[in-house]
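# What the coordinates show
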Amino acid sequence: MNLEKNFKFKKKYGQNFLKSTYIIDQIIKESNIDKETLVIEIGPGSGALTKMMSPLAKNIISFEIDESLEETLNNNLKNLNNVDIIFKDFLEADIKKEIDNYEYKKLYVVANLPYYITTPIINKIIESKIGIDKMVIMVQKEVGDRFCAKPNCKEYGSITVYLNYYFNIRKIIDVPRTCFIPEPNVDSVVIEMTKKDQNYNVNKELLFKLIKDAFRFKRKNLNNNLKKYYPGNIKEIFDELNISLTKRAEELSLDDYINITNKLNNIIK
Ligand code: SAM
């Protein structure tokens, strides 16, 4: 992808542009974008991924914080009339309003994310309730491993359980640092997060609070981390569910947390 001669990569914006066409092809292939899909991209950079998605998608709406990329993007994406670049900080943007102008059947996020704000971006997408069907995103490897982790792994944490509430998550491909320009200090991974069909019948606020508390002190067991739920019937709840309070948070599945929350909720009511 061509960059303007005097363009300087900005570390503060997490600017590591993909130079591997193989990885771009993999992202495109796994995304299954079609002519019913509106794609939201965060950080088009020089437009390498954007350009490849354009012939497949209905529309692409790309948020880029760095206005000095305007000329580059105009050149690299010229004549692509289904691509709209919005020069805004994605975290400040009113995404609901922006996408209201489009007609589509499927809504995907496909992006090589700026890593310094991976979690805020995902949280914003969840909280803005825009009805995302799927995300195919490049993230830092350690972060991706945490998102995809299963119970009893060291990578399994509160963020894993939280994201698994909303999405089925799987790893698509590991991406070495050599695939980027400039080369970052970390390796990467492309993951897919597909919206779950089922709606769990649970008090969400209580569930997320319980998960956070359960994982608060990594080395402590549930008995210690959930002390503040005493005096209550937490012991009884755990007995009824056949879960030992001597377990640690990472040994419990999302379903376990949902079952505990539902029982707690009945007591609080
Ligand atoms: N998509 C390009 C690629 O794969 O080559 C660039 C990816 S680069 C890892 C991240 C991009 O996100 C950069 O273009 C950066 O300027 C942009 N960016 C950083 N912070 C942003 C924000 N808050 N809102 C929108 N874009 C942002």
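Residues numbered from 1 in each chain as written. Predicted model: local features only at pLDDT ≥ 70, side-chain atom pairs only at ≥ 80, totals over all residues. Heavy atoms only, no water.

### Considerations on unusual backbone geometry
Going from Ile-181 to Pro-182, the amide bond is cis rather than trans, its omega being -15 degrees. For Asn-32, which is not a glycine, the phi torsion comes out positive at approximately 55 degrees. By secondary structure assignment, the location of Asn-32 is in the loop between helix H1 (21-31) and strand E2 (37-42). One non-glycine residue, Asn-242, lies in the positive phi region at around 60 degrees. (Helix = DSSP H or I, 4+ residues; strand = E, 2+ residues; numbered from the N terminus.)

### Let's talk about the packing of aromatic side chains
On inspection of all chains with the given rule, the structure shows 13 aromatic pairs. Judged by centre distance (4.9 Å) and plane angle (75 degrees), the rings of Tyr-162 and Phe-208 are edge-to-face. Taken together, the positions of Tyr-162 in helix H7 (residues 158-166) and Phe-208 in helix H8 (residues 204-214) put the pair 46 residues apart, joining distant regions of the chain. Just as Tyr-162 is buried, Phe-208 falls in that class too. For the ring pair Tyr-165 and Tyr-200, a centre distance of 5.3 Å and an interplane angle of 35 degrees mean the geometry is tilted. Here Tyr-200 lies in the loop between strand E9 (188-195) and H8 and Tyr-165 lies in helix H7, a separation of 35 residues in the sequence. By relative accessible area, which is 10% here, Tyr-165 ends up buried. Classification of Tyr-200 as buried rests on a relative accessible area of 17%. Grouping aromatic residues by their ring pairs yields a cluster made of Tyr-162, Tyr-165, Tyr-166, Phe-167, Tyr-200 and Phe-208. In this structure, Lys-124 packs its charged tip against the face of Phe-90, placed 5.9 Å from the ring centre. Here Lys-220 stacks its cationic end above the ring of Phe-217, 5.3 Å away from the centre of that ring. (Phe/Tyr/Trp six-rings, centres within 6.5 Å; stacked < 30°, edge-to-face > 60°. Buried < 20%, exposed > 50% of the residue type's maximum accessible area, 1.4 Å probe, protein only. Lys NZ or Arg CZ within 6 Å of the ring centre and 35° of its normal.)

### Notes on the site of the ligand
Neighbouring the ligand are 23 residues; Gly-43, Glu-64, Asp-89, Asn-112 and Tyr-116 lie closest to it. A distance of 3.3 Å separates an oxygen atom of the ligand from a polar backbone atom of Gly-45. Note that a nitrogen atom of the ligand is positioned 3.3 Å from one of the backbone N or O atoms of Ile-65. A total of 600 Å² of accessible area belongs to the ligand in isolation, and the protein chains cover 99% of it. A breakdown of the residues in the shell around the ligand according to their chemical character gives 12 nonpolar, six polar and five charged. (Near = heavy atom within 4 Å. Polar contact = N/O pair within 3.5 Å; in protein donor to acceptor, adjacent residues only side chain to side chain. Areas by Shrake-Rupley, 256 points an atom, 1.4 Å probe, with all protein chains shown as cover. Nonpolar A, V, L, I, M, F, W, Y, C, P; charged D, E, K, R; others polar.)

### Some points on the domain arrangement of the protein
Segmenting the protein into domains produces domain 1 (11-195) and domain 2 (204-268). Taking only C-alpha atoms, the centre of domain 1 and the centre of domain 2 are 34 Å apart. Taken together, the 12 residues of domain 1 in the interface contact 13 residues of domain 2. Taken over both partners, the interface formed by domain 1 and domain 2 buries close to 1000 Å², and the fraction arising from carbon and sulfur atoms is 70%. Three residues, Tyr-156, Val-161 and Tyr-165, lead the burial of domain 1 against domain 2; their summed loss comes to 47% of the area buried on that side. Where domain 1 touches domain 2, the interface holds two residue pairs in polar contact (both at pLDDT 80 or more). Here the residues of the side of domain 1 that touches domain 2 sort into seven nonpolar, four polar and one charged. (Domains from an automatic or database assignment. Contact = heavy atoms within 4.5 Å. Buried area = accessible area lost by both parts, 1.4 Å probe.)

### A look at the side chain of Ser-62
Locating Ser-62 in the fold gives a position in strand E3 (residues 59-63). Side chain to side chain, Ser-62 and Glu-41 meet in a polar contact 2.7 Å long. Residues contacting Ser-62, with those up to four places away along its chain left out, are Glu-41, Pro-44, Thr-50, Asp-84, Ile-85 and Ile-86.

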